[in-house]
Amino acid sequence: MSLNLKINLPALGVTKIMRFSEQMSVNEVCKQVLEKTNVGGKDHCLFQPSPPSDTTSVGRWLKPERTLEYYDLKTNDTVEYRKKHDVIKVGLIDGTLKSMLVDLSAPVSEVIDLVGEKLSLRNPEEFSFQVESKPGVWLKSQLPITEQVGSLDQTFLLKKKFFIHDVNVDTDDPVSLHLIYCQSRDDINNGKHAVTRDEAINFAALQCQVQMGDLKPDLHKPGYLEPKDILPPAHAKRDNEKLVLQEWKKIVGMNDMHARLRYVQLCRSLKTYGMTTFKVKERVPGKKKLMDAILAFTRDSIIRMEYDTKRVIKEYPFKYLLRWTASPETFTMDFGAHEEDYIVVVTNEGEAISNLIAGYIDLLLKKQRVVPTSLEDDDGEMASVTSVARIGGVAMTALTNAGRIHGDSVAYTSGVNDCSSAARAIDKMISDLFGEVAKMSDGSMTPAQRRQAVEAQARALHQLGETLSNFALSGDRASIAASALKIASGVEQLIGAARQAAASGADAGGVLMDATKGVSDALKALLMAADACAQRPGDQDAKDALMRAQLAAAAALQKLAALSKGINNDDGYQQLFKELARAVGAESQIMIREAQAAAGRVQDPTKRNQLNSATKALTSADDQFAHITDSLAPVASEAACKSTIQKAGNGVENTANYLVQLSKTIGLDPRVTAALADSEGRLRDALRNLMGASDLPNMQGAQEAEDFTEAAHQLLMGTAAIMAAEGNPALIKQQAGEIKNAATKLGQAGKAIVGAQTDPAQRERLANYLKNVVEATKHVLTAAPACIQNPDDHAGNKKLIHAAQELAEATQQLLGDTGRQVAVAALYNAAKIAAGSTTKLCTSSRMVTGEMNDPNASDQLSEAARAAAEAVQKLIDALKGVNSAAPPSMQRRSTFVRKPSSAMNELLKDDLMTAAEKFAPVAYKLVSVSKNISGKVPDGETKQELIYSSSNAAKAIHKMLANRKAMKAVKGQLETAEAIEEFKASQADIESALIAADTGILQPTKNKDDALIELASAIQEVGQTAKDVGTTAKTAPEDLGQSMKTAAAANSKCVNAGIALAASVNDRNVQKGILNALKSMNADVKNLMQIAKAVSAAPDDPNLNKLLLGAGKSVAEALMRLTEASKGVVPKKVEEFQNKAASDLEDLAEKELKGAADVIDKCAAKLQQALEAARRRAAEKQIDVDEQNITEAILEASQAIAKATGVLINAATQVQQEFQSLLKEPKTAPMYKRDPQWAQGLISAARTVAGAVQHLVKEANNAAQGNASEEALIVAAHAVSAATTQLVTASTVKADPNSSAQRRLREASARVTASTGQLVNAAKEAAKWEQEKKQEEDDEKYNLTENKIKEMEKMMQILRLEKELESARNQLGGMRKAEYADATGPASPSSPSAKATASPKSSGAPPAKAAGRGVQQAPRGRGGPPPQGQGRGIAWKTSSMGGPPQ
């Protein structure tokens, strides 16, 4: 169809009529106009002016992509073909005017963005335009300028409208600061803000500083300032000028920019800053007349105040506002549960208020939205723009664009005049409008606003449904027809809202469209039921059908409303909820069957009818309950839906209770009554379980959670294996492939998890962590091929290990941030599914027990089902415990919301894992019993249902246990990471201690003895925990995290004790020895942890186990080294004792030296006496001169030795006295410590010297008297020399080598050596003289004959001795033969061997001692082998040397 349009060409000043097709797009029309008129171009478009009768709008721009039909243009309508860009005058608040070229077809918000960009405003979206033609009226941000003003020949004043980011404005944003200052200044001076006099003075002083700079006393005197220009009207008095000048003087030196900032900061501190107020009228309870009030809006709240007193009536956060509506005379707000009714105010500024609210909400949503990720827009919880109006006392919601669905103009409700026609219209809508919806959005509403528009429509229809039912019951046909029309219109609008939500992407998964179709079907059924009820007013069945239809429609509408709010319970929740509801139904069915069977046996018709009526009521209540629970399962956690379910459950419970009571009243068989009562009790328990489960939170993304947890675990295990696989190309290749697959899986699951975040900061952080994992994975996969091809490349392996460490750290970071939540989500959902599947099996078992012929099998199944039901309840309680630890956002939406660490620690308690572990065996037992007795179930269908239910339950339980294991693994990984971090911290502590030891600033923190005790205990603990880690890695990998954490704690304890011990000593070498041993131990234990982690992933890998064994040995060696290093520290008490003992020993050493000197002096005197005596003897006996000379030489040399030794002893005594003085001197005491071992050596040396000199004197005297050999004299001389050498050495170890005493000591030692040499020479001469003299005597004593005689005598002696030797050998051989015979055969008690082997106890004699060396002969041990060297039963007679005879 074509139409003629009047095309106005402003450029030519003419209007032309042109024909176009309705299906042509606006863009095609523009091209055709350009071709025909040669005017315009790409910058031109069509603008439709409003007719003169329309005073609310100037016109509208036609969008190029829309068709003419969409805009409902008629023939002879006028449109302008005009240029979209033009220049406007933008006025700033400081009076500045700027000309800017803008797009007149763009919304005001886009023009503001352009202006803000040119002015360098940081937050231009908080500004807007006011125009000269409409003072104080803001232009609508969503509409173009030319659709709101008729002329561009005026100034568009740029002012701040919204106050969101004011707190961030400072001197770094000078333009925004200046504009906010100017606006704040005008508001203060105009009296918009109520301020005190002091505040007004401060503001005026700052204004003066900004405008005039520093105060000049000569110029700025009283009378210079104009109070009305700087002070608000209430304080604009000349008396205040002096105060302004005084305050101005205080801020001299402040530059104008800081003065502006201070002015704005003071203004922001006012309660009315950023507040937009509207004068309205409100109805006050108890008064008929409307009273003046103020409706105020700030950045985050809505405030109602009394007009006169400005007292706040009530304040509402923006998040409480569900919806609002603006009409020409009123403005209505819905605060949901926070107000009993709508808040309605009378005002002609309703549209301005609506635009202000919408603007604030858009800005708050924009503030929350995250841009860096490629995920869907945030589902904000703020209120949305909906147009709510009261029509006949019912809240109705109209769609944007008058309910049109993107150009569809079918009038579905045009012929509706009763329930039947309304039902047909809805049926037509269902047929036409529930097809596929193209994705598009005009940007006028956010996704959250789209969903809330659907919710508002659903709630309005809910009230209409109740109204229709009431009218149908009353039979008011006119009201029924009116309600039917409203319902049909409401359904059309609802479908339109749902389609727009789907088109804008606000309907994820199409749940809103599906629920909308369910609502449409339910309302159609309600209309049909209302029509039937109206036609048959007295028909009870029709009334019952109407009530059922009304409840079904209400449930469908509640479901849609809850889904619109983003509530959509996960599959596990829904499965558990439905199975628990079916358990209620199963008990109801058992009661119904029991009652029906009993009714057939009741003879009294009245009682039978009563029983049948009660049974029918229970059946109806059960049907209604089943329908409601099945419908509301996806949204059962929502408060209104939960209330509906509770109401339906109460209906079932009450009718069941009535049936039991009736059975008692009419006197049914007690067994029947007992059975009914038992079922009724079970029904109550099932209802309790159901309502308890409805409180469980919604945790979407269970599969993604499982994939995430599993992939993260695989990545960590793979990286650990690679770090331990240096030189093993096969293992590296295998692990690289697994890492690649795991990283891909983690990336896919991670994207879903990131997308589920509602906290923008958390969302962005997780996205960055995920990106780090991807990058680190690339590094590993890049480095791996080189190591596979060249296993011996050390640099390549080092690079691969570094990349693996980087990947492990990135994965730990991601896992630590969200792994806890993910693990909980996976186990949580798996537990719900397991509970639901087990409940279904319990229900199936319950239904089967009544059909079985085997009582034992029935009882066995019934008992297992009862136990399983109790276990389900305990598991649900554990799940509810997780819910109570979760934040509200998690309880309602998703488990992936970031939580405070303290709350997450609550989540990670072992309660849920423990409950799952305890639940599994009980549930498995029911599965086992069900499968075993399924063959005894007579009914084939029931039997298959039992088998199917048991199979599903087994799978669900298995999956739950798998997720429990995964959760434990995640905990283990986190504990592992904590352990590794603790090792790093210990390493840092050791390094710091080493630096402190090097610089001498290592300060003691503990008593030395305590540190020694703690270190010894910690070393033992580290050894045990390290051993446990190795064992756990191979036998219980899931517990490795806790084991490593324990080992890390022990290691940290050992490091702390070691550092404390090192600090308690002053010897730096000892300090460094301990600290280096600690460093080695820490590194070795950490290496053991990393290898154990790799082993836990592959416990049977021989290479990894070999590495683990080596690491364990390294730890043991490190602990031994640490133990050895700690031995250098002497306990304090021992040190004190040693110091005292050393002092005593040093005193004793000095005494011994003096005593030795006395002994030597006496020895020297004896030698002098001996020499004089020798000389007297020589004179009396006339001894040979040579002999006399030798004797004198010996005595004189001995005397020289004694004297030199005495000098030596005195010198050593002086050295000792000098050392004692050094110990007592404060300056030298730290350098010279008491040494007990040295003192003992000195004492020993002194005693040895004294003894050696005494022995020398004795031998010298003997030699002088001819009673000793010269060899003994030489030995004695050497003994003196050795003793003096020992004494010199002991004296010089601790002494100052340059002291005079030390020099004298060395000189005395040299003299002793020389004297010793003289004595040795004299002794040798004496020996030579003695030998020569003896030889002469022998030559003279014997001649030749005598020699021959002597020779013969010796030969005879030899022969005699040889004969005796032969006889002794024969005797010995006989003795040995006798003993051998005794050992190989039994000997009689009287035999010699028996007597020889009798024990001392049996013979009554005491044990004899061996003849040689006093060794007692030991008896043979009981039952043990004989002692070495003995035969069985043989006791060797001890020889003179204590051994067996030779």
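Peer 1: Just checking my understanding: could you explain the overall build of the chain for this structure?
Peer 2: When its secondary structure is counted, the chain shows 38 helices and 19 strands. Counting all 1446 residues of the chain, 47% fall into the buried class. The long-range share in the chain, meaning contacts at least 24 apart out of those at least 6 apart in sequence, stands at 72%. Accessible area of the chain: about 71100 Å², with a carbon and sulfur share of 51%.

Peer 1: Got a minute to help me understand the pairing of strand E16 (residues 330-334) in this structure?
Peer 2: Consecutive residues of a regular strand have side chains that alternate between opposite faces of the sheet. Burial analysis of E16 places four of its five residues in the buried class, the great majority of the element. Linking strand E15 (residues 323-326) to E16, which pair antiparallel, is a turn of three residues. Note that E16 and strand E17 (residues 343-346) share four bridges and pair antiparallel. Paired with threonine 332 across the bridge in E17 is valine 344.

Peer 1: Sorry, what's going on with the environment of glycine 718 here?
Peer 2: Structurally, glycine 718 can be placed in helix H18 (residues 702-723). Excluding residues within four positions of it along the chain, glycine 718 makes contact with Gln735 and Ile739.

Peer 1: I would appreciate a short explanation of helix H11 (residues 477-503) in the present structure.
Peer 2: Because the α-helix completes a turn every 3.6 residues, residues three or four places apart line up on one side. Taking 1.5 Å per residue as the helical rise, H11 with its 27 residues ought to reach 39 Å, and the 39 Å between its terminal C-alpha atoms agrees with that figure. Summarising burial for H11: 19 of the 27 residues are buried, a large majority. Phi for glycine 505, located one or two positions after H11, is positive at around 85 degrees.

Peer 1: Please clarify how the nonpolar core should be interpreted in this entry.
Peer 2: Nonpolar side chains in soluble globular proteins tend to be buried together. Counting residues in each nonpolar core, the largest one holds 135 residues, and the members touching the most others are Leu523, Leu527, Leu611, Phe919 and Met960. In contact with leucine 523, other than residues within four places in its own chain, are Leu461, Ile487, Val491, Ala553 and Leu557.

Peer 1: Explanation requested: the side chain of glutamate 126 in the structure shown.
Peer 2: Residue placement: glutamate 126 occurs in the loop between helix H2 (108-119) and strand E8 (127-131). Ignoring any residue separated from it by four or fewer positions in sequence, one finds glutamate 126 in contact with Lys159, Lys160, Lys161, Phe162, Phe163, Ile164, His165, Asp166 and Leu363.

Peer 1: In this structure, what is going on with the packing of helix H15 (residues 605-632) against helix H16 (residues 639-665)? I would like to understand it.
Peer 2: Helix packing geometry: the angle between the two helix axes and the distance between the axes. Between H15 and H16, the least distance of the axes is 9 Å, while the angle of their chain directions is 160 degrees. On the basis of their axis angle, the class for H15 and H16 is roughly antiparallel. Between H15 and H16 the crossing geometry is left-handed. Along the contact surface, H15 presents Gln610, Leu611, Ala614, Thr615, Ala617, Leu618, Ala621, Asp622, Phe625, Ile628, Thr629 and Leu632, while H16 presents Cys641, Thr644, Ile645, Ala648, Gly649, Gly651, Val652, Thr655, Ala656, Tyr658, Leu659 and Leu662. Classifying every residue of the contact of H15 with H16 by side-chain character gives 16 nonpolar, seven polar and one charged.

Peer 1: Looking at this structure, I do not really get the packing of aromatic side chains. What am I missing?
Peer 2: For any pair of aromatic rings, geometry is given as the distance between the ring centres together with the angle between the planes. Using the criterion set out here, one finds nine aromatic pairs in the structure. Seen from their ring centres, phenylalanine 163 and tyrosine 273 are 5.3 Å apart, and the 70 degrees between their planes marks the pair as edge-to-face. A residue pair is termed long-range when its members are at least 10 positions apart, and phenylalanine 163 in the loop between strand E10 (155-160) and helix H3 (174-189) and tyrosine 273 in the loop between helix H7 (256-268) and strand E11 (276-283) qualify at 110 residues. Assigned by exposure class, phenylalanine 163 and tyrosine 273 land together as buried. Chaining the aromatic ring pairs together yields one cluster made of Phe162, Phe318 and Tyr360. One Lys or Arg, lysine 310, reaches over the ring of tyrosine 307 and ends 5.3 Å from the middle of that ring.

Peer 1: How should the pattern of salt bridges be read in this particular structure?
Peer 2: Pairs can form between side chains of opposite charge whenever their charged atoms are close. Taken as a whole and assessed by the stated rule, the structure comprises 34 salt bridges. Taking the shortest distance from any N to any O, the salt bridge between glutamate 579 and arginine 582 comes out at 2.9 Å. Of this pair, glutamate 579 and arginine 582 both sit in helix H14 (residues 571-599), three residues apart, which is roughly one turn of the helix. Measuring nitrogen to oxygen at the nearest pair gives 3.1 Å for the salt bridge that ties aspartate 669 to arginine 671.

Peer 1: Would you mind going over the state of the cysteines with me for this structure?
Peer 2: Each disulfide consists of one covalent bond between the sulfur atoms belonging to two cysteines. Enumeration according to the criterion identifies zero disulfides in this entry. The thiol of cysteine 45 is unpaired, and the distance to the nearest cysteine sulfur, on cysteine 30, comes to 4.5 Å.

Peer 1: Teacher, can you tell me more about the sheet that holds strand E7 (residues 97-103) here?
Peer 2: The strands making up a sheet associate through hydrogen bonds between their backbones, and the pairing can be parallel or antiparallel. The strand order across the open sheet built from five strands is E7-E6-E10-E8-E9, with neighbouring strands paired in mixed fashion. Among the strands making up the open sheet, the edge pair consists of E7 and strand E9 (134-138). For this sheet, the mean angle separating the axes of adjacent strands, direction not counted, is 40 degrees. As defined by bridge partners, E8 adjoins E9 across two bridges and the pair is classed as antiparallel. By the bridge assignment for E9, valine 131 is matched with lysine 134. In the packing of H2 onto the sheet, the strands contacted are strand E6 (85-91), E7, E8 and E10, and the crossing angle to E7 comes to about 130 degrees.

Peer 1: What am I meant to see in the packing of H3 against H7 here?
Peer 2: Relative orientation of the contacting elements H3 and H7 amounts to 55 degrees, with a least axis distance of 9 Å. Taken as axis vectors, H3 and H7 run oblique relative to one another. Read as a crossing pair, H3 and H7 show a hand that is left-handed. Residues Pro174, Leu177, His178, Ile180, Tyr181, Ser184, Arg185 and Ile188 of H3 lie in contact with H7, whose contacting residues are Met257, Arg260, Leu261, Tyr263, Val264 and Cys267.

Peer 1: What am I meant to see in helix H30 (residues 1102-1126) here?
Peer 2: For H30, which comprises 25 residues, the first-to-last C-alpha distance of 36 Å matches the rise-based estimate of 36 Å (1.5 Å per residue) to within 8%. What H30 keeps buried is the set Leu1104, Asn1105, Leu1108, Ala1111, Val1115, Ala1118, Leu1119, Leu1122, Ala1125 and Ser1126.

Peer 1: Can you walk me through the side chain of serine 301 in this structure?
Peer 2: Structurally, the position occupied by serine 301 is in strand E13 (residues 301-306). Side-chain polar atoms of serine 301 contact the side chain of threonine 298, separated by 2.8 Å. For serine 301, the side chain forms a polar contact with the side chain of glutamate 315, separated by 3.0 Å.

Peer 1: Which parts of the structure should I look at to understand a negative patch on the surface?
Peer 2: On the surface, Glu851, Asp939, Glu941 and Glu945 cluster together into a patch of negative charge. Inspection of the secondary structure assignment puts glutamate 945 in helix H26 (residues 940-999).

Peer 1: Explanation requested: the environment of glutamate 492 in the structure shown.
Peer 2: Looking at the element boundaries, glutamate 492 is found in helix H11. Judged by relative accessible area, which is 18%, glutamate 492 ranks as buried. Counting along the chain gives 35 residues from glutamate 492 to glutamine 457, while the straight-line C-alpha distance between them is 10.0 Å.

Peer 1: Explain the environment of lysine 925 here, please?
Peer 2: Topologically, lysine 925 is positioned in helix H25 (residues 911-933). For lysine 925, a relative accessible area of 56% gives the class exposed. The spatial distance from the C-alpha of lysine 925 to the C-alpha of alanine 868 is 8.3 Å, given a sequence separation of 57 residues.

Peer 1: Explanation requested: unusual backbone geometry in the structure shown.
Peer 2: Keep in mind that most residues, glycine aside, have a negative phi and that most peptide bonds are trans. In this model, asparagine 76 sits at a positive phi of 75 degrees, which is unusual for a non-glycine residue. Here asparagine 76 is to be found in the loop between strand E4 (59-61) and strand E5 (78-83). For asparagine 76, a relative accessible area of 46% gives the class partly exposed. Backbone geometry at serine 120 places phi at a positive 65 degrees, although glycine is not the residue there. Tracing the backbone through its elements, the reader meets serine 120 in the loop between H2 and E8.

Peer 1: I'm lost on the confidence of the model for the chain in this one. Help?
Peer 2: Regions with low pLDDT carry predicted coordinates that are not meant to be interpreted in detail. Mean pLDDT over the chain stands at 77; residues scoring 70 or higher make up 75%. Within the chain, the lowest mean pLDDT, 30, falls on strand E19 (residues 394-398), and the highest, 93, falls on helix H4 (residues 197-212). Counted against residues more than four places away or in other chains, residues 884-908, with its pLDDT under 50, gives 64 contacts. Across residues 1383-1446, confidence stays below pLDDT 50; counting only partners more than four residues off in sequence or on other chains, it has 60 contacts.

Rules of the game
- Residues numbered from 1 in each chain as written.
- Predicted model: local features only at pLDDT ≥ 70, side-chain atom pairs only at ≥ 80, totals over all residues.
- Heavy atoms only, no water.
- Helix = DSSP H or I, 4+ residues; strand = E, 2+ residues; numbered from the N terminus.
- Buried < 20%, exposed > 50% of the residue type's maximum accessible area, 1.4 Å probe, protein only.
- Contact = heavy atoms within 4.5 Å.
- Areas by Shrake-Rupley, 256 points an atom, 1.4 Å probe, with all protein chains shown as cover.
- Pairing = 2+ DSSP bridges.
- Expected span 1.5 Å × (residues − 1).
- Core = buried A, V, L, I, M, F, W, Y, C linked by side-chain atoms within 4.5 Å.
- Axes fitted to C-alpha atoms, helices over the stretch in contact; angles between N-to-C directions.
- Parallel < 35°, antiparallel > 145°, perpendicular 65-115°, else oblique.
- Left-handed = near helix turned anticlockwise from the far one by under 90°.
- Nonpolar A, V, L, I, M, F, W, Y, C, P; charged D, E, K, R; others polar.
- Phe/Tyr/Trp six-rings, centres within 6.5 Å; stacked < 30°, edge-to-face > 60°.
- Lys NZ or Arg CZ within 6 Å of the ring centre and 35° of its normal.
- Salt bridge = Lys/Arg side-chain N within 4 Å of Asp/Glu carboxyl O.
- Disulfide = S-S within 2.5 Å.
- Polar contact = N/O pair within 3.5 Å; in protein donor to acceptor, adjacent residues only side chain to side chain.
- Patch = residues over 30% accessible without salt bridge, like charges linked within 9 Å, V, L, I, M, F, W, Y side chains within 5 Å.
- Lys, Arg positive; Asp, Glu negative; His and termini not counted.
- Charge placed at Lys NZ, Arg CZ, Asp CG, Glu CD.
- pLDDT = per-residue confidence, 0-100.

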